[in-house]
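If you want the building blocks of each chain, they are given just below.
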Amino acid sequence: MAKYKDVTEMEKFVAFDGTHAATAGRLINFPTGSSTLQPGHQEWLKNEVVPAILARPNSWIDLFGYASKVGNTQANLKLSKERATAVKYFLGEQLAMRGISIEGKVNIDHGFGEDAPDYIAGESDNSPNWRAADVIVFGTKPIVVRKPKIKPQSSIYEIRVVGGGSAAVVVQTDNYFFQIVDVLRRRTMFFLFTGVGAGISIPKIPGPGSATKAGQPTRFTTTKPAELYQFNSEATLTQEAGATLGSSSVGGKMYLTIDKIIDSNGLISTNPKRIPISGGWGIQMPGLGSLTKGVLAKMSEEFPFTGY
C-alpha cells in the first residue's frame, strides 16, 4: 500500500507520494459508522480524480475501503466495502454527466475492514486515517498477456482388447476391438483391427479359430509424444501357439505391432515394439500360432477416459 502522512481530524484528504498513478489519495475522516462522502471528499474527486480520468481514455481505478477497530469486526468489514462503493458511485455519477461510463474502469473495489495490511492501531483507536477510502487512478488498464494453452504431450499409453475373434478356412482373418488410453491426458479412443494372414492348426483338429472378451490393459510408451488418432495405422497381430477354453489358457498370448505411427518428423515407434495383449474369457482352438497383417482403424472420436 502507498504511504500516507499523519493527519488531524480537520483534514479530509491525504495525497500519496511515490506511486506511479496519475493521481492517488486517501479520503479520510468518514463519520464514524458511516460511508457518506464529506464535502472535502467530493471536492477532491471532482477537481482531481475526474479530470485525471477524462484526460486518459484508458484509465483504470483501484478503490480500497477501511474502517477503524472500534465496533464489530464483521460490521466494520461491511462498512469498509460501503466506503469504497460510495466513491465508485460518486465517480460514476460525475462521469455519466460527461457521457462516460465507469463500467470497465474500476480494476479493484475492495473493503479491508479493520484488517488493512499496514494497520497497527489498537482496539480503541478511531483515527480518521482508518475511517477512510483510497483512490488510485492509473493511466492505462493493465495489459493481460494470455499465454496460449499448450496441449499436454503424452508418450505413455495403455491398450486392451475389448473383444473379437479369428476364423480361418483357407486364410485366417482377425477382427478385434481395442481401446487405447492416453494416460497423461486421460483421453481414450476405440480401434478395430482387421487383418488377414496365416494360422497353423494342430493336425486333425478343426481350426484355427478363437474368440475373446475384454482383457486387462497393457502399458506401452512411444519414442516421441503422439496423439491418439495417430494410432490409426497399418498393424500386425501375432498369436502364440496355445489353446484357451473359458478362463483357462495355455499359451496363446497375442501381440500387436503398430507399424506406421507417423508425425511431421517421421516414424514413431512403440516400446515394446510388439505389445503383448492379454485376452479375457474366451475360446481358442489349439493351434501353433498365427500372423495377420491389416489396419488398426479408429472407430470412435477421442473422449475423456473415466475408467475401464
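Relevant structure appears above.
The rules behind the values
- Residues numbered from 1 in each chain as written.
- Predicted model: local features only at pLDDT ≥ 70, side-chain atom pairs only at ≥ 80, totals over all residues.
- Heavy atoms only, no water.
- Helix = DSSP H or I, 4+ residues; strand = E, 2+ residues; numbered from the N terminus.
- Buried < 20%, exposed > 50% of the residue type's maximum accessible area, 1.4 Å probe, protein only.
- Contact = heavy atoms within 4.5 Å.
- Polar contact = N/O pair within 3.5 Å; in protein donor to acceptor, adjacent residues only side chain to side chain.
- Salt bridge = Lys/Arg side-chain N within 4 Å of Asp/Glu carboxyl O.
- Phe/Tyr/Trp six-rings, centres within 6.5 Å; stacked < 30°, edge-to-face > 60°.
- Core = buried A, V, L, I, M, F, W, Y, C linked by side-chain atoms within 4.5 Å.

A.B. asks: How should the overall build of the protein chain be read in this particular structure?
C.D. replies: What the protein chain contains, in helices and strands, is two helices and 20 strands. Within the protein chain, the fraction of its 308 residues that count as buried is 44%. Long-range pairs, those at least 24 residues apart, make up 73% of the contacts in the protein chain with a sequence separation of at least 6.

A.B. asks: Mind showing me how you'd approach the side chain of T236 here?
C.D. replies: With respect to the helices and strands, T236 occurs in strand β11 (residues 233–239). A relative accessible area of 9% means that T236 is categorised as buried. Within the local environment of T236, its side chain forms a polar contact with the side chain of K293, the two groups lying 2.8 Å apart. Among residues more than four places away in sequence, those in contact with T236 are F193, Y255, L256, T257, D259, L291, T292 and K293.

A.B. asks: What am I meant to see in the pattern of salt bridges here?
C.D. replies: Oppositely charged side chains can form a pair if their charged atoms are brought close together. All chains considered together, the criterion is met by eleven salt bridges. As a salt-bridge pair, E82 and K78 come within 2.5 Å of each other at their nearest N and O atoms. Here K78 and E82 lie together in helix α2 (residues 73–96), a separation of four residues that amounts to about one turn. A relative accessible area of 53% places K78 in the exposed class. Between K260 and E234 there is a salt bridge, with the nearest N and O atoms lying 3.8 Å from each other. Residue K260 is found in the loop between β14 (254–258) and β15 (261–263), and its partner E234 is found in strand β11; the two are separated by 26 residues along the sequence. The exposure class assigned to E234 is partly exposed, which follows from its relative accessible area of 42%. One continuous salt-bridge network, built from bridges that share partners, spans D182, R185, R187, E227 and E302.

A.B. asks: Honestly, the side chain of S80 in this entry has me stumped. Any pointers?
C.D. replies: Mapped onto the elements of the fold, S80 is located in helix α2. Here S80 is in contact with G65, Y66, A67, G111, F112 and G113, once residues within four sequence places are set aside.

A.B. asks: Which parts of the structure should I look at to understand unusual backbone geometry?
C.D. replies: Glycine aside, a negative phi is what most residues show, and trans is what most peptide bonds show. Note that the residue after N271, namely P272, is joined by a cis bond; omega there is 10°. Residues other than glycine seldom take positive phi values, yet N29 does so here, at roughly 65°. Mapped onto the fold, N29 is located in the loop between β2 (23–27) and α1 (39–54). For R186, which is not glycine, the phi dihedral falls at a positive 55°.

A.B. asks: Would you mind going over the packing of aromatic side chains with me for this structure?
C.D. replies: Inspection of the entire model under this criterion finds eight aromatic pairs. Taking 5.6 Å as the distance between ring centres and 10° as the angle between the ring planes, the aromatic pair formed by Y66 and F112 counts as stacked. Of this pair, Y66 sits in the loop between β3 (60–65) and α2 while F112 is found in the loop between β4 (106–111) and β5 (133–138), placing the two residues 46 residues apart along the sequence. By relative accessible area, Y66 is classed as buried at 0%. Residues F305 and Y308 carry aromatic rings whose centres are separated by 4.9 Å and whose planes lie at 65° to one another, so their mutual orientation is edge-to-face. Residue classification places Y308 among the partly exposed positions, given a relative accessible area of 44%.

A.B. asks: Looking at this structure, I do not really get the nonpolar core. What am I missing?
C.D. replies: In globular proteins that are soluble, nonpolar side chains generally tend to be buried together. Ranked by size, the top nonpolar core spans 23 residues in total, and within it I159, F178, I180, F231, L256, I277 and L296 carry the most contacts. The set of elements that each furnish at least two residues to this core consists of β6 (154–168), β7 (172–182), β8 (187–201), β10 (218–226), β11, β14 and β18 (275–277). Contacts of F178, omitting those with residues within four sequence positions, involve I159, R160, V161, V162, M189, F190, F191, F193, L237, I277 and L296.

Keep in mind these values describe shape, not function.
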